Every structure is written in structure tokens, then in C-alpha cells.
Amino acid sequence: MANWSKLQTRSFLESSARDRAIGLVDEGTFTELAGPFDRMSSPHLVALGEAVEFDDGVVTGVGRIGKRPVFVISQEGRFIGGAVGEVGGAKMVTTIDLAIGFADELRAANPKIAPDELPLVAISFETGGVRLHESNAGLLAHAEVMDAFQRARGKVPVVALIGSRIGCFGGMGFVAAATDVIVMSEFGRLGLTGPEVIEEEMGKDEFDASNRALVYRTTGGRHKYIMGDCNFLVDDRIAAFRGQVTELCKLPVGDFEQFRRIGSAALVEKQMRAVALAAEMQPKDAYDVWRRAGNNDPAGLGDAPVDDFRKQAQRLSV
Amino acid sequence: MDTLIGQGLVALEMIVDPGSFARDRVGAKEFTDESYGPGAVVGTATLDGQTVTVIASDAEAFNEKFPVVYAGIIGMEEGYKMASAVYATLAADRDAPASAKRPIVLIVDTPGNGPGKVEEIFGMNKATGAYQLALAEARAAGHPIVAAVIGRAISGAFLCHGLQADRIVALDAKFGTMIHVMPLTSVSRIIKKNIEVLEELSKSNPVFAAGPQFFHKLGGVEEVVPEIADLRSVVIRQVAALRVAKAKGEATGPVGRAVLGAARGGRVTRPQVAAKMAAEFAAVADKYRPQSA
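Residues numbered from 1 in each chain as written. Chains lettered and ligands numbered in written order. Predicted model: local features only at pLDDT ≥ 70, side-chain atom pairs only at ≥ 80, totals over all residues. Heavy atoms only, no water.

Draft legend 1. A look at the overall build of chain A. Looking only at helices and strands, chain A features 14 helices and seven strands. With respect to the principal axes defined by its C-alpha atoms, chain A has extents near 50 × 50 × 40 Å. The buried share among the 318 residues of chain A stands at 65%. When contacts within chain A are restricted to residue pairs at least 6 apart in sequence, long-range pairs at least 24 apart make up 69% of them. (Helix = DSSP H or I, 4+ residues; strand = E, 2+ residues; numbered from the N terminus. Buried < 20%, exposed > 50% of the residue type's maximum accessible area, 1.4 Å probe, protein only. Contact = heavy atoms within 4.5 Å.)

Below, the structure is given as C-alpha cells:
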């Protein structure tokens, strides 16, 4: 097991799901639930004669940041691209349910409990969505996670962390959009349709999936920050993600509504104004929208060190 | 009639009371811009005399502004329009007791979400997410939500428009009903497994294959409707059953379908995982309670 202090300086992008989970919470506080020793692996992969992982590619557990119990879900992209099946989906849903149940229990025991003593859920996404080897079960699991988020509203804040290799796409792309807060690094990518699928749909002239710069400026952390889809853009270190979650841990659950991009009639109205802008602009490139947001030199901004980017970037308002 | 694929509006008229559908009006909200999300059909009808909100896809419509959106695809405008219809439904019955909240009927025939570059730049994921959250909120508020799959219920579009309902009914496979993430032939290609092997495995395990009967076994569809002529009566019966189930606090929606999936033997590992995690957390929960006494 990696040394906790050493984990802090480690690249979030390069880190395994378990290291991200352990490093996110205070030293020595992480308890894994349904960990590898429980051997909760996918029976469907067994049926196909495929290799399994004893955690089914998702690390779930509970730790603490300060006084706050933090329930953690961390997806492992190195196992079938972090795709979600029956077991992994059940682990995600159950973690959120345990957090909601614990919040209810703590509030019932002490109605005056301090806000920073109540649970928070943090999800480190690294996934392309449904695991095709068990696609039907994976699809149904996505719906359960979405429903669990809505049940958590007003009870337990849900924070998305996106900064891993695979990004966060497919069904998990809209699951992540439905969380309260999204924290990304510039290497994080968030979307619905992956680059290869868009290329297939629209042709290589319209969208070249092998063009990494194009892919990053369409779905990457910097773009999502300008669009307001990611709330906080942090450095690519475990400590940086941990630092942002630690700040969020100080807030009562009611304060998390301000970070949301969807989830109410008013927010839908706001997104409709953004879509009207999309219809009017018909952007050929994400940089067109950066310029519209008030960034006169999008290419320069895109290449600037991330610290300068954070200071200079104008975010789109609609 | 062999199929209702591409005929969401025909299905809509068959299900609700004849001539009762008033398009583009939900509670106090009027959808006045005809060019806005034209593939998303929203409105109010009566169903066996009860006022209901209806949300469907029009496969004939083409979105001039977003050319990847046609044939029943749910694009950004369509997703937000559908979400607005749900919020308008919530607003219309804000002061009604849970038992009197109007039902929402989803008529499902959609092949996907908008897959374009503009969609990714502006965030298609938010539009489909917004609609799902709205449905989950309405379901929790007491509105009975029934989804009727009459044609295509494909992957993310089914998650968007269908899988947040309290109950899902689907026309029998003989009418061409398609429910899947991907056809088995594509799955076979991507996961590099022989199609014959997958077809053989599908006989005993419903997680691989496409079709309403497999989703039924997994609890992902509550009821398979044997004939097109039965659609209306089945939806009416499900709404009535939901009034009772919701009053009793029974699990419906995604949680209810998880219970059903275990009971039907299609998803039996899920409850084992949940039980294990609950037991393990109970054993350590004291460590995570407030320590100051």
C-alpha cells in the first residue's frame, strides 16, 4: 500500500482508483467496503470466460476529512475502461444509500448536529459508461445512480472528481453532470459521446478523434471550466483534489445548490439560454465559445500554464 | 398493424382518451415556439378521465438548428423541453396532495441522444441529465409515471426517456420493440466474443441480449404488453396500481426494478453486494460518528 504522504504529491491522472480513494480522505481513515477480499466480482464476466477483478473495477468505502464522514466511489479505468456493470453499479448505489442513511441517522440522533459532521459523497469518475459485457444490467445501474442522486438532494452533497485517463463519458457523462459540484483537472474530460463516435457520425473533416488538442478543447477541464460545467479547476495532484474537497466539506448541504448546473426549473431555463447561443453561434470549435465568453486569445489561454489560465479565463455567462 | 416504430404520435392518440390531447400546454406553461425541440412532443391529455402530462418523440421531426437531431433522437433542445414539461407538471400540482398529483405518461420510441460536436461543446450530457433529475423529482413528489415502450428504447436515450419512470411497460418483441445498449452483433464485435456463444449464453443469462423479454427478466421492464390494442388498458391499470403502491410507500422506479430484478432471478448479485456493504459499514460506523461527546 502506498504511503499516504507520498500519495499527496502524486499525479491524479496517473493514480489508481484505490490510491485516489485513500489519498482523498485524511490519513489512515479510509475503510474499504466490498473490497477485494470480499471477492465481489462480476458473474457475467465469468460466464463469458473473461478475467475478473475482485473489486469489479470500482473502489468504494468511507473515510473522513476533518470531522466529516466522506463516502468515496473511485472508478478504475485500467479494468475494462472503468465501465459499469451489475456489481460496480450496485457498489456505487449502495455507497450513496449508506451515506443518505447515515445522514438521516445522525440528524435523528442530534437535530443540532454541525453541518461539517454530516456525510458527503465524493466520486472519482474514470469510465466510458455501460460495460458492454453485461450491458443491460449496466444500463439499469445507471438509472439507479441517477435516482440515488435525486434522493440525496438536500441531505448529502455529491461531489464529482474528474481527472483520470479515460475521462467520464457515455451514461456516466450525464450521471456526473447530475452531481452537485464538479471538480476537474485540465486533463479531465467530460462528455456524452466519445470522440471516436462523433468522428464516425460526422466524418473526420468535422471531428478528428486522433487530434488530441481538439478532443481536449471540446471536452477537457479548461473548456468545461469556461462553460461553467466544472465548478473548480485544480492542479493534477491528489493533494489538489483533496484540498478542494476539504474546502467543500466546510459547507452545509444547502449551500451546494449554488454549484449545480441542472436540477431545477430555473437551471433548465438557464441551460436553454446556452442552447439558444449554440444555435445562434453554430460554433465550429470550442475556442469560438471561449472568445464569445470574452477571451480574446483562446489559443494563448489554452496553452497558458493552468495557474495563469485560472486567473485569466473569462467564464461564459448566459 | 405490425409495428409502432416511428409512430409515437399514433401511439399517443391510441393511449389517451380520444381527441383529448392538447399539444404544447402543461399546466400554466405554454410551449409557443414550434421550432424548439420539434422532436419532443409535450402536452396534456386525459386518460380514463384523469388529467395527465404526456411526453413523446416525433420521429418525423427534424431539428433545423441541430442537424444531428432527427428520427426521434433527443437533442439538447428536446431534452430541456421534456424537462420543462416535467417541471411545469410539478408546478401545476404543487399544492395538490401526493395522492392527487397528475400522472405522467412517457411514450418511448427514441434511438439515441444528439451525438454531435456542438452538442459536446455545449454539453449534451446536461440536457439528458436535467430531464432525468426532473422525472426523479416528480416521481418522488407522488406523480405516477408510466413509460410505454412502443418502438426503440436505445441505451442513453432510454435512460433519458423511460428508465426514471415508476413503471415501464413494453410492447412484445413481435412488434419490433427494441430495447438495448447495442445489438448483440455489435457487442460481439467490440468485446470480441463469438455471436453464437453470446446467443447461447443469452438463453440462461439476460444481461447480454437485446429485447423486451430480457429486460423483463432483469426487472428493467415491469410488464410486456402482448398486443398493441392492450396498450391503453395496461397504462390505465398501471397508473391505478401505482396510486396504491405509492400510497403504501412501496418501492417503484429504479429501486423497485432492482427489487424486481432479484425476484425474477435476473439480477441476483446486486442485493448481495448491497447487503455485504451495509453489514461492513455497520461494523465500522461508530468510527465515523461525531467524536466529541
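So, next bit.
Draft legend 2. Seen up close, the interface of chain B and chain A. Across the boundary between the two partners, chain B contributes 79 residues, which contact 90 residues of chain A. Regarding the contact of chain B and chain A, the summed buried area is about 7,300 Å², with carbon and sulfur atoms giving 68% of it. The interface formed by chain B and chain A contains eight salt bridges. As a salt-bridge pair, E50 of chain A and K193 of chain B come within 3.4 Å of each other at their nearest N and O atoms. (Buried area = accessible area lost by both parts, 1.4 Å probe. Salt bridge = Lys/Arg side-chain N within 4 Å of Asp/Glu carboxyl O.)

Draft legend 3. Representation of the environment of G300 of chain A. Note that G300 of chain A resides in helix α13 (residues 298–303). Between the C-alpha atoms of G300 of chain A and K91 of chain A, which are 209 residues apart in sequence, the distance is 43 Å.

Draft legend 4. Summary view of the pairing of strand β6 (residues 181–185) of chain A. Residue and element names in this part refer to chain A. The buried fraction of β6 is high, at five of five residues. Bridge count for strand β5 (residues 158–162) against β6 is four bridges, and the pairing is parallel. By the bridge assignment, L161 is partnered in β6 with V183. Where the polypeptide runs from β5 across helix α6 (residues 171–177) and back to β6, its parallel neighbour, the crossover connection is right-handed. Relative to strand β7 (residues 232–234), β6 runs parallel, the two being bridged by three bridges. Note that in β7 the partner of M184 across the bridge is L233. (Pairing = 2+ DSSP bridges. Right-handed = clockwise from strand over helix to strand, strands pointing away.)

Draft legend 5. Expanded view of unusual backbone geometry. Residue and element names in this part refer to chain A. Although it is not a glycine, A34 adopts a positive phi angle of roughly 55°. Tracing the backbone shows A34 in the loop between β1 (31–33) and α3 (43–47). Judged by its relative accessible area of 0%, A34 is buried. The phi dihedral of I80 falls on the positive side, at around 45°, and the residue is not glycine. Its place among the elements puts I80 in the loop between β3 (68–75) and α4 (86–109). Taking relative accessible area as the criterion, I80 reaches 29% and is therefore assigned partly exposed.

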